[in-house]
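Chain by chain, the residues run as shown.
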Amino acid sequence: MKVGSSYARTDAGRKRRGNEDAYVCRPPLFAIADGMGGAQAGEVASALAAEALTDTPVDGGGERRLVELIREANRRVHERASTDAATSGMGTTITVALVEDDGRVTFGHVGDSRAYLLRQDAFEQLTDDHSLVAELVRRGELSPAEAEVHPQRSVITRALGTDPDIDVDTFSVPAEAGDLFLICSDGLSDMVDEETIASILRAHRGDLAEASRALVQAANRAGGEDNITAVLFEIAEGDQAAGEPDEKTRELATSQDEDTLHPEDHVLPPPPAPSAVDTMVAPVDTIPPPPADAETEEAAAPSEDEEEATFARKALALAVIVALCVLIVVLVVWGLAR
Ligand code: MN
């Protein structure tokens, strides 16, 4: 078994100005980190955690290796939070998947960023959220339906960076060819119900770029209240060629710098990208935007960028007309003066 294609996409959503999600999409390693903390501290936390995962090449090692990696990420975030007052109290979720040579996919996770598997037609959530509502559901004190709309559904009970040591959940799944794995932040799973996510993945199974685009669009249409990140990877027959990056592997980050910030959010605009941030982590400025595809769906709900582009075209046309009028007036006046 090897990683066939993979794709990652992140989007700030419609309410947050900054994007505190970070991801890793380096086959055979995939991860999501959803940062939290005042001002821009959440971005620092998630970027530090993602960077810690990619600092040393990871090839196998199983659950024990993932626990080591996540503990190291925790140590770095905690150390920074303890020494830098501006980031005090910051934290991040982390959900990591590693495709092993023996055909297993090993997961390690802390927080409420989820992993899902679409196998054949069956869609399944693999991770248990470390969140207040998930724990209440597990204890039978809350129904899953109540949890979905609970006002405190985003309160997590475990995060990287808040303590010097961390309890990591791990498990592995024996992979089958054709398996499609999704890891995502709560900006997707809170906004879009599981059945909708499943049907989007079924519809775009052969095109992970399109699948991720449709997932982000669904979350934004549902309100886009949080940053949205989806990392997708598919398992194929055969052995992973060592050291050879998969040509089909692409990644992309989009950030809609929309002025849809709610006044209640009290969020400052994002800072310039810190130089310490790994290029794999939310490379918002360096990655080209997705190819514009003239889909009817898109046309029905133009994005802010498209609206801006339309406005620019209209403004240009108006300027040309005004210039022509001025030219005619000048010629007429000049003609009369002769
Ligand atoms: Mn989030």
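Because the structure is a prediction, the values reported are computed rather than measured.

Let's shift gears to the coordination of the manganese ion. Those donors, Asp 34 (OD), Asp 186 (OD) and Asp 226 (OD), are the protein atoms that reach the manganese ion, and they lie 2.1 to 2.2 Å from it. Counting along the primary sequence, the residues that act as donors to the manganese ion give the motif D-x151-D-x39-D. In this pair, Asp 34 sits in strand S3 (residues 29–36) while Asp 186 sits in helix H5 (residues 186–189), placing the two residues 152 residues apart along the sequence. Asp 34 gets classed as buried once you look at its relative accessible area, which sits at 8%.

What follows deals with unusual backbone geometry. Cis rather than trans, the peptide bond between Pro 27 and Pro 28 has omega equal to 5°. Mapped onto the elements, Pro 28 comes out in the loop between strand S2 (21–26) and S3. Although it is not a glycine, Gln 120 sits at a positive phi angle of roughly 50°. Within the secondary structure, Gln 120 is located in the loop between strand S7 (114–119) and strand S8 (122–125).

Glancing now at the packing of aromatic side chains. Applying the stated criterion across every chain, the model contains five aromatic pairs. Aromatic pair Phe 107 and Phe 181: ring centres 5.8 Å apart, planes at 45°, arrangement tilted. Residue Phe 107 is located in strand S6 (residues 104–110), and its partner Phe 181 is located in strand S10 (residues 180–184); the two are separated by 74 residues in the primary sequence. The interplanar angle of 15° and the centroid separation of 5.1 Å between the aromatic rings of Phe 181 and Phe 233 together place this pair among those described as stacked. Residue Phe 181 is located in strand S10, and its partner Phe 233 is located in strand S11 (residues 228–236); the two are separated by 52 residues in the primary sequence. Considered together, Phe 181 and Phe 233 belong to a single accessibility category, that of buried residues. Here a set of aromatic residues connected by ring pairs shows up, and it is made of Phe 30, Phe 107, Phe 171, Phe 181 and Phe 233.

This next bit is on the pairing of S2. The buried fraction of S2 amounts to five of the six residues, a majority that puts the element mostly inside the structure. Hairpin connection from S2 to S3: two residues lie between these consecutive antiparallel strands.

Quick look at helix H2 (residues 62–83) now. The terminal C-alpha atoms of H2, which comprises 22 residues, lie 32 Å apart, in line with the 32 Å expected from a rise of 1.5 Å per residue. Turning to H2, its buried residues number three or more, namely Gly 62, Leu 66, Val 67, Leu 69, Ile 70, Ala 73, Asn 74, Val 77 and Ala 81. Down the axis of H2, the buried set is contained in an arc of 165°. They therefore lie on one face. Away from the buried face of H2 by more than 90 degrees, exposed residues Arg 64, Ser 82 and Thr 83 are located. Buried residues along H2 sit in contact with helix H1 (41–54), strand S5 (94–99), S6 and strand S9 (169–174).

This part covers the confidence of the model for the protein chain. Predicted confidence across the protein chain gives a mean pLDDT of 83, with 79% of residues reaching 70 or more. Counting contacts from residues 243–302, a segment whose pLDDT is below 50, to residues more than four positions away or on other chains yields 96 contacts.

So, about a nonpolar patch on the surface. On the surface, Leu 316, Val 320, Leu 324, Leu 327, Leu 331 and Trp 334 cluster together to form a nonpolar patch covering roughly 640 Å² of accessible area. Since its relative accessible area comes to 49%, Leu 331 is described here as partly exposed.

Let's shift gears to the sheet that holds S7. Within the open sheet, the five strands sit side by side as S1-S11-S10-S7-S8. Their pairing is antiparallel. On the outer flanks of this sheet lie strand S1 (2–11) and S8, each paired with one strand and no other. For this sheet, the mean angle separating the axes of adjacent strands, direction not counted, is 15°. Strand direction decides the pairing type here: S1 and S11, joined by eight bridges, are antiparallel. Residue pairing in the sheet places Ser 6 in a bridge with Phe 233 of S11. Strands in contact with helix H6 (residues 194–203) are S7, S8, S10 and S11; relative to S8, the strand with the most contacts, it is inclined by about 130°. Together, S1, S10 and S11 form the strand contacts of helix H7 (residues 208–221), whose direction differs from that of S1 by roughly 30°.

Leu 53, Met 90, Ile 94, Val 96 and Leu 160 are the most contacted members of the largest nonpolar core, which has 29 residues in total. At the level of elements, S2, S3, H1, H2 and S5 are the ones that each hand at least two residues to this core. Listed in part, the 25 residues of the second largest apolar core include Leu 182, Met 191, Ala 214 and Val 216.

Mapped onto the elements of the fold, Ala 219 is located in helix H7. Considering only alpha carbons, one finds Ala 219 and Ile 197, 22 residues apart in sequence, at a separation of 9.7 Å. If we ignore the near neighbours within four places in the chain, the residues touching Ala 219 are Gly 187, Leu 188, Met 191, Val 192, Gly 224 and Ile 228.

Another point: H7. In this model, H7 (14 residues) spans 20 Å end to end at C-alpha, consistent with the 20 Å of a helix rising 1.5 Å per residue. Buried residues dominate H7, accounting for 13 of its 14 residues. Following H7 by one or two positions, Gly 223 has its phi on the positive side, about 130°.

Conventions used here
- Residues numbered from 1 in each chain as written.
- Predicted model: local features only at pLDDT ≥ 70, side-chain atom pairs only at ≥ 80, totals over all residues.
- Heavy atoms only, no water.
- Donors = N, O, S within 2.8 Å, 3.2 Å for Na, K, Ca; no water.
- Helix = DSSP H or I, 4+ residues; strand = E, 2+ residues; numbered from the N terminus.
- Buried < 20%, exposed > 50% of the residue type's maximum accessible area, 1.4 Å probe, protein only.
- Phe/Tyr/Trp six-rings, centres within 6.5 Å; stacked < 30°, edge-to-face > 60°.
- Pairing = 2+ DSSP bridges.
- Expected span 1.5 Å × (residues − 1).
- Arc of directions from axis to C-beta.
- Contact = heavy atoms within 4.5 Å.
- pLDDT = per-residue confidence, 0-100.
- Patch = residues over 30% accessible without salt bridge, like charges linked within 9 Å, V, L, I, M, F, W, Y side chains within 5 Å.
- Areas by Shrake-Rupley, 256 points an atom, 1.4 Å probe, with all protein chains shown as cover.
- Salt bridge = Lys/Arg side-chain N within 4 Å of Asp/Glu carboxyl O.
- Axes fitted to C-alpha atoms, helices over the stretch in contact; angles between N-to-C directions.
- Core = buried A, V, L, I, M, F, W, Y, C linked by side-chain atoms within 4.5 Å.

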